[in-house]
Amino acid sequence: MEKIFSHPKSLRKVSTHYCPGCGHGIAHRLIAEVIDELEIRERIIAVAPVGCAVLAYDYWDFDCTEAAHGRALSVATGMKRIRPENIIFTYQGDGDLAAIGTNETIHTANRGENLTVIFINNAVYGMTGGQMAPTTLLGQKTATTPAGRKVASEGYPLKISELLAQLPAVKFIERTSLHSPQEVIKTKRAIKEAFENQINQIGFSMVEVLSPCPTYWNLSPKQALDWIRDVMVKEFPLGRIK
Amino acid sequence: MIMVEKVIIAGAGGQGIMVLGRVLAEAAMRENKFVTWLPAYGAEVRGGTAYCMVIISTQEIGSPFIDKADTLIIMNQPSLGKFKNRLSKKGLLIANSSLVKITAQTKSGLLKQPFTDIAVDLGNIKVANMVAVGCYVASKKNIHPETVVKAITDMAPKDKLALVKINKQALLKGIELVRGK
């Protein structure tokens, strides 16, 4: 009998510390499956973020490194310049990539570094207690916007993917979601393309993944997925951006 | 005479580990001791291990960090594995036997009582931490129980004053366990 499905080699068989209904578990697994399928596990170096996924290297079974908050893309740039044969990716939340790390993100993208970025967007700062993030929606209640985000005082949700798409050196940006099995499959496909682009030396590739945070959205896991489907995608439309 | 007491308290997030440490620190402070309380949080938003370090001293404390503790209060099994090597050789291990199995025997002192079960019997699982405080002050005799009651009462949020009663009951139960009836 042929074995057609098994636990990814690139994913350790351990329980994670994530909250019930968190999207990180799914995203970690998709990345592990893609890395196995592309047979690049020996060449991979991941850069972990600061945030709930700060310990992602405890869950993946390939080489990983840490970086200061927001600086993952600079660390990745340094590694890729020295070791271009390695496949190097960053895994970053919306705080890491689009708040404290905005500078590093824009300039790495603008230089067109041949890197893969997996951007996990859950519209809050998770690990630090649910504060407003650049991607928080208008009207969304967070620890620092208890009355809901207002344009007059907090501005609009930041569409970092759309901003980066304007840079000529950026080669691939797609926004996907985890709110249904179909969307999870599409996310995997996009992640695979983002890694293939690096292998084929096409250039800077990013996948923005809309991900549930039941704890800080004050929703049940199921309600959180529905909120992405019904509310979040209206502000952050899915599909190919570049 | 200079007296320094270093306590590490560890357990699962949600067992009231931080409050346990704060109560000890607040009580000792009311008895004119120098105190420090240093909480440590993991990356987890829910669950995980929580621990805090409390130092009670008759002189100013240079650093709130504890390398080896004089007393270790362990409220769940994973914390025992994580912290057993943070107890000094002649230290005291206070363990929540409801959730902790002690297999290896060491030279350190051992006090084990079923804090969680006792709290459940009293009517609220969340006061297991106060049963542990009672055992601690009764064994160590370094803080008066009345001062602990005062600390608990002072620390209670305005909208939760009704809970002081069961916290006090848990404290007295812990003391009773050590002193006998």
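Worth saying up front: this structure is predicted, and the values here are computed from it rather than measured.

J.: Summarise the environment of B:F83; cite the residues concerned and give the values.
T.: All names here are of chain B. Turning to its location among the elements, F83 is positioned in helix α2 (residues 77-83). Through-space distance from the C-alpha of F83 to that of Y51 is 9.6 Å; in sequence the pair is 32 residues apart. Leave out the neighbours within four places in its chain, and F83 touches I8, A10, L72 and I74.

J.: So what about the packing of helix α3 (residues 115-122) of chain B against helix α6 (residues 164-179) of chain B? Which residues, and what values?
T.: Residue and element names in this part refer to chain B. One way to put it is that α3 packs onto α6 with a least axis distance of 10 Å and a crossing angle of 135 degrees. Here α3 is positioned oblique relative to α6, judged by the angle of their axes. The two elements α3 and α6 cross, and the hand of that crossing is right-handed. Residue-level inspection shows I118, A119 and L122 of α3 in contact with α6, the latter providing I166, Q169, A170 and K173.

J.: How would you explain the sheet that holds strand β4 (residues 116-121) of chain A if you had to name every residue and give the values?
T.: Residue and element names in this part refer to chain A. Read from one edge to the other, the open sheet built from 7 strands follows the order β2-β1-β3-β4-β8-β7-β9, with strand pairing classed as mixed. Edge positions in the sheet fall to β2 (63-65) and β9 (239-240), since each of these pairs with one other strand and no more. Each of β1 (44-47), β4 and β8 (205-210) is contacted by helix α1 (residues 24-37), which is oriented at about 160 degrees to β4, the strand it contacts most. With respect to the sheet, helix α2 (residues 72-82) is in contact with β1, β2 and β3 (87-93), its orientation differing from that of β3 by roughly 175 degrees.

J.: Could you give me a rundown of the sheet that holds strand β4 (residues 69-74) of chain B, with the residues and numbers involved?
T.: Backbone hydrogen bonds are what pair the strands of a sheet, in a parallel or an antiparallel way. All names here are of chain B. Pairing in this open sheet of 6 strands is mixed, and the strands run β2-β3-β1-β4-β5-β6 from one edge to the other. The open sheet terminates on both sides in strands that have one partner only, identified here as β2 (34-40) and β6 (109-113). With direction set aside, neighbouring strand axes in the sheet form an average angle of 15 degrees. Across 9 bridges, strand β1 (residues 4-12) lies against strand β3 (residues 49-57) in antiparallel orientation. Paired with G11 across the bridge in β3 is A50.

Thresholds, definitions, all that
- Residues numbered from 1 in each chain as written.
- Chains lettered and ligands numbered in written order.
- Predicted model: local features only at pLDDT ≥ 70, side-chain atom pairs only at ≥ 80, totals over all residues.
- Helix = DSSP H or I, 4+ residues; strand = E, 2+ residues; numbered from the N terminus.
- Contact = placed C-beta atoms within 7 Å.
- Axes fitted to C-alpha atoms, helices over the stretch in contact; angles between N-to-C directions.
- Parallel < 35°, antiparallel > 145°, perpendicular 65-115°, else oblique.
- Left-handed = near helix turned anticlockwise from the far one by under 90°.
- Pairing = 2+ DSSP bridges.

Everything listed is a geometric property; what it means functionally is a separate question.
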